[in-house]
Each structure stands twice: as structure tokens, then as C-alpha cells.
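Working through the structure, step by step
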Amino acid sequence: MSSFLTRVRGYIPALQVTLAGFIGFIPLMTLPLMIGVLVDYQHYSQKVAGTVSAAQLFGVSIGILLLSRYTLRYGLKNNVSCAALFVLVIEIVSLLFEALPALYVFRFLSGLGGGVVAGCTYTWLGNSRDPDRGFGLFLLIQFLLGALLLYILPLGFSRFGAEVIKLPFLFFAVLAIVFSAAFKGTDERSDERISFREILAAKGAVPALLAVGLFELAMSLVWAQVERLGSTWQLSAAVISQALALATLAGLLGALLVVLVGVKLGRALSIIIGISIIVAVLLALITYQSSLIIFIVSMVLFNIAWSFTVPYLQGVQASLGAGAGVVCLGAFVITVSLALGPALSGFLVASYGFLGAVIGAMILLVFCLYFVCSAIFSQKKIRSQGAKNSDVITAQK
């Protein structure tokens, strides 16, 4: 009994840290709702809604890569508490302004603070005794809380208005401040810098980064518009929120499949399978007659394939031999791509409808396949060259 309690206590700091770090992922997990609120309740155009959402996601990307790494000298605990307090103040002050320029500024600044907290969470988990389980817990928190928000928030829109969308930021900012003490356990004070030049010089690094960037851009391009798609299919807001919540939870299955299958099929084949499922889903959305069943099944398969494919794309990066820096740079590329998706989809949907977003996503996925195959080929070439050099050295001995 005592060993069980000890094990449970050991997970408490990790749980507190991951709950605090979730504030950086609220903009992504609630992206369809944010687009819907800006269009339906605040009467902005698709283009404006997309660029506003992009501003916040871009703020997160800057916070994750730059602020969380270059302010480590102040300690993780101080970074988290200050950044969370910053988000809290920004969200409260934003309630006093309604002009569109202010909306862009406040969304970006809120994302910036959330990105710092998320980046500190990644740093804490990476320095923990069991980082794999820590990152797994963080992924679980993201999917579970994301699904909960997608289900609950629409229930408050009709009663309390569009400002309800800001409540999660306020709540998790306070939570991050309360849990900031948990970051003190593995506090790292370091002036470490990432050498982008060395990372990009590694063979296959550029195509690997382009592959994951284009993939996430394609995914966010579609994900940003699924709430609007459900509305055009005459589905109620409650039904759409339930379908998106279920789809978000289903994303856990994709991550679980990666754990079970591993690299038995090879990264290239696994990525091809994932992208093929996504393409099939996109084709179904634009060819089949609109119905609730098609919407739910498509969203579930879309999220499963999304969470299944990303780890293999990141695995290609990690195997480049450029150190942990390439994975960190990859995280920056991912968040930037996720930020660009809503802005690009806003322009495409405004001009060509949802079909434009689907065609754009398919084109991006084709280029993703090309670049990831190029990166994998470069790795194989390096390994074969290394094997030849080893044989030569052995023969000379």
C-alpha cells in the first residue's frame, strides 16, 4: 500500500506541470470554436477570423521556442508564474477593447504567454526521471481537456455570449500560477542556445522539417473550418461540439497505435498509410451527401490519422543525428504551420468554399510525402556510406 501511495505521489508534480502547460494548447484545441465565434457571434469575415486565430497560434510558437529557452536563467518556476500572470492580465484587459487591431494584439500576446508556459512544461518533462511517460501524460491531458472544452464551451455561447471563449485562458492561467511551484523540482538555469546553422546543415534536416511543417499546415487548414462545415450541413451547434469532442478523444487511438506498432512497418510506410486515410476522409467530405454520420466518422478518422502520422514525422527528425535541437526546431516549425493554417484556410474558404481548403490540404500533403521520402533517403544514404567506411577500416586493420 505504501509503495502504491509513493508511486501516486510521484505523478502529482507531473500532473500539475502538464495541467499548467495546457494553457499553451488551448488555441489549437479550441480552434474550430474560435473561428465559429468570430464569424457567427462577432460577425467577422472568414479571412479575419482565420488571421486572428493565426496571430494567437503564432504567439504560442514564438513563446515555445524563444522565450522558454532564452529566459531559463530566471528559472522555470519564475517563468511560468510570470507568463501565466501575463496571460491573466491580457485576457482581463482585452475585455475592455472591441476594435479589430486590439483583437489581433491581445490574441498574439495571450498566445505568447501561453507558449512560454508550454515551453517550460516541455523543458521540465525532458529533465524528469521518466520523460517518456511525462510526455505521454501531457498528450493525454491535451486530448482529454481539449475534448471537454469542445463539448462544454458551445453550451455557454447562447446564454453568456462569445466572451465565454476566454474563460479557459483565465482558468488555466490561474491554475498555472497555483501549480508553478511544481516546476521548482528540476529547475534548470542555463544560457543554452540553439544553433540553427548546425541543425540545418545536417543531411536531410531541411526536407524533414519541411515535411512535418507542410503536414501540420494541411491539418490545421482543414481543422480550422470543420465547425463551419458542420454549420453549412445544417447541423446544430450542440451536435457539432459533441462530434468534435468525440473526434478529439479519438486522437488518443492514433497515438496508442504508434506505441503498439512502433517502427515495424517502417516510418515511410506508416506515414503513407496515415496520409492516405486523411486524403480518403477529405474526399468523403466533398463527395458524399452531407449527413451527421459522415461528419462524425470523418472527424474521428481524421484525428486518428493525424495523431498517428505526426510521431513518425517527428521520428524522422530525431533520427537525423543533429541532437535534440532539431526536435525543438521541429516543434517551432509545427506551431508556425498550425498558426498559418487558419489564416490560409480563411482566404481559401472565402474564395472557393470548403473545397478550396480540401484541395489546398491535398497539395500540401503531396509535397509532405515528397520531402519526407527525400529525408529518409538521405538518412539511408548516410548509413550505407558509414557502413562502407566501417568495412574499409576493418579491412585495413
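Since the model is a prediction, treat every value here as computed from it, not as a measurement.

Secondary structure summary: the protein chain contains 16 helices and 0 strands in total. Across the 397 residues in the protein chain, those meeting the buried criterion constitute 54%. Of all intrachain contacts in the protein chain linking residues separated by at least 6 positions in sequence, the fraction that spans at least 24 positions is 86%. Split by element, the accessible area of the protein chain, about 18100 Å² in all, is 68% carbon and sulfur.

Attention now moves to the nonpolar core. The tendency in soluble globular proteins is for nonpolar side chains to be buried as a group. In terms of nonpolar packing, the biggest core is built from 118 residues, with Phe22, Phe215, Trp223, Phe295 and Phe302 touching the most fellow members. If we ignore the near neighbours within four places in the chain, the residues touching tryptophan 223 are Leu28, Leu31, Pro32, Leu150, Leu244, Thr248, Met299, Phe302, Asn303 and Trp306.

Evaluation of the coordinates by the stated rule reveals 4 salt bridges. Residue arginine 228 pairs with glutamate 227 through a salt bridge whose shortest N-O separation is 4.0 Å.

Tallied over the full model, the rule gives 9 aromatic pairs. Measuring from ring centre to ring centre gives 5.5 Å for phenylalanine 97 and phenylalanine 106, while their planes differ by 40 degrees; the resulting arrangement is tilted. Since its relative accessible area comes to 46%, phenylalanine 97 is described here as partly exposed. Taking 5.1 Å as the distance between ring centres and 90 degrees as the angle between the ring planes, the aromatic pair formed by phenylalanine 171 and phenylalanine 172 counts as edge-to-face. Looking at arginine 107, its charged tip hangs above the ring of phenylalanine 169, at a distance of 5.6 Å from the centre.

Turning our attention to the environment of lysine 47. You can see lysine 47 is positioned in helix 4 (residues 46-70). With 302 residues separating them along the chain, lysine 47 and valine 349 place their C-alpha atoms 8.3 Å apart. Leaving out residues up to four positions away in the same chain, lysine 47 has contacts with Gly346, Phe347 and Ala350.

In this section: unusual backbone geometry. The phi angle at histidine 43 is positive, at roughly 60 degrees, despite the residue not being glycine. In this structure, histidine 43 sits in the loop between helix 3 (31-41) and helix 4.

Structurally, threonine 309 can be placed in helix 14 (residues 292-318). Within the local environment of threonine 309, its side chain forms a polar contact with the backbone oxygen of alanine 305, the two atoms lying 2.7 Å apart. Apart from the residues lying within four places of it in its own chain, the contact partners of threonine 309 are Phe215, Ile271, Gly274 and Ile275.

For helix 10 (residues 205-223), spanning 19 residues, the distance from its first C-alpha to its last is 27 Å, which sits close to the expected 27 Å at 1.5 Å a residue. The element helix 10 is extensively covered by neighbouring structure, given that 17 of its 19 residues are classed as buried.

Right, let's talk about helix 3 for a bit. For helix 3, a buried count of 9 out of 11 residues is recorded, marking the element as mostly surrounded by other parts of the structure. Taken residue by residue, helix 3 has Leu31, Pro32, Leu33, Met34, Ile35, Gly36, Val37, Leu38 and Val39 as its buried positions. A positive backbone phi angle near 60 degrees is found at histidine 43, which sits one or two residues after helix 3.

Residues at a pLDDT of 70 or more form 80% of the protein chain, whose mean pLDDT is 80. Confidence, expressed as mean pLDDT per element, reaches its minimum in the protein chain at helix 9 (residues 196-201) with 62 and its maximum at helix 8 (residues 167-179) with 94. In the predicted structure, residues 1-8 sits below a pLDDT of 50 and forms 0 contacts with residues beyond four places in sequence or in another chain. Long-range and interchain partners of residues 187-191, a stretch whose pLDDT sits below 50, account for 14 contacts in this model, where long-range means more than four residues apart.

Let us now look at the environment of alanine 350. In this structure, alanine 350 sits in helix 15 (residues 324-352). On the accessibility criterion, alanine 350 (44% relative accessible area) is partly exposed. Residues in contact with alanine 350, not counting those within four places in the same chain, are Gln46 and Lys47.

Mapped onto the elements, leucine 292 comes out in helix 14. Residue classification places leucine 292 among the partly exposed positions, given a relative accessible area of 35%. For the pair leucine 292 and glutamine 234, spaced 58 residues apart in the sequence, the C-alpha separation amounts to 9.5 Å. Contacts of leucine 292, omitting those with residues within four sequence positions, involve Leu235 and Val239.

In this section: the packing of helix 5 (residues 76-94) against helix 8. Where helix 5 meets helix 8, the closest approach of the two axes is 8 Å, and the angle between their N-to-C directions is 155 degrees. Classified by the interaxial angle, the pair formed by helix 5 and helix 8 is roughly antiparallel. Crossing of helix 5 against helix 8: the hand is left-handed. Two secondary-structure elements touch here, helix 5 through Val80, Ser81, Ala84, Leu85, Val87, Leu88, Glu91 and Ile92 and helix 8 through Phe169, Leu170, Ala173, Val174, Ala176 and Ile177.

How each quantity is defined
Residues numbered from 1 in each chain as written. Predicted model: local features only at pLDDT ≥ 70, side-chain atom pairs only at ≥ 80, totals over all residues. Heavy atoms only, no water. Helix = DSSP H or I, 4+ residues; strand = E, 2+ residues; numbered from the N terminus. Buried < 20%, exposed > 50% of the residue type's maximum accessible area, 1.4 Å probe, protein only. Contact = heavy atoms within 4.5 Å. Areas by Shrake-Rupley, 256 points an atom, 1.4 Å probe, with all protein chains shown as cover. Core = buried A, V, L, I, M, F, W, Y, C linked by side-chain atoms within 4.5 Å. Salt bridge = Lys/Arg side-chain N within 4 Å of Asp/Glu carboxyl O. Phe/Tyr/Trp six-rings, centres within 6.5 Å; stacked < 30°, edge-to-face > 60°. Lys NZ or Arg CZ within 6 Å of the ring centre and 35° of its normal. Polar contact = N/O pair within 3.5 Å; in protein donor to acceptor, adjacent residues only side chain to side chain. Expected span 1.5 Å × (residues − 1). pLDDT = per-residue confidence, 0-100. Axes fitted to C-alpha atoms, helices over the stretch in contact; angles between N-to-C directions. Parallel < 35°, antiparallel > 145°, perpendicular 65-115°, else oblique. Left-handed = near helix turned anticlockwise from the far one by under 90°.

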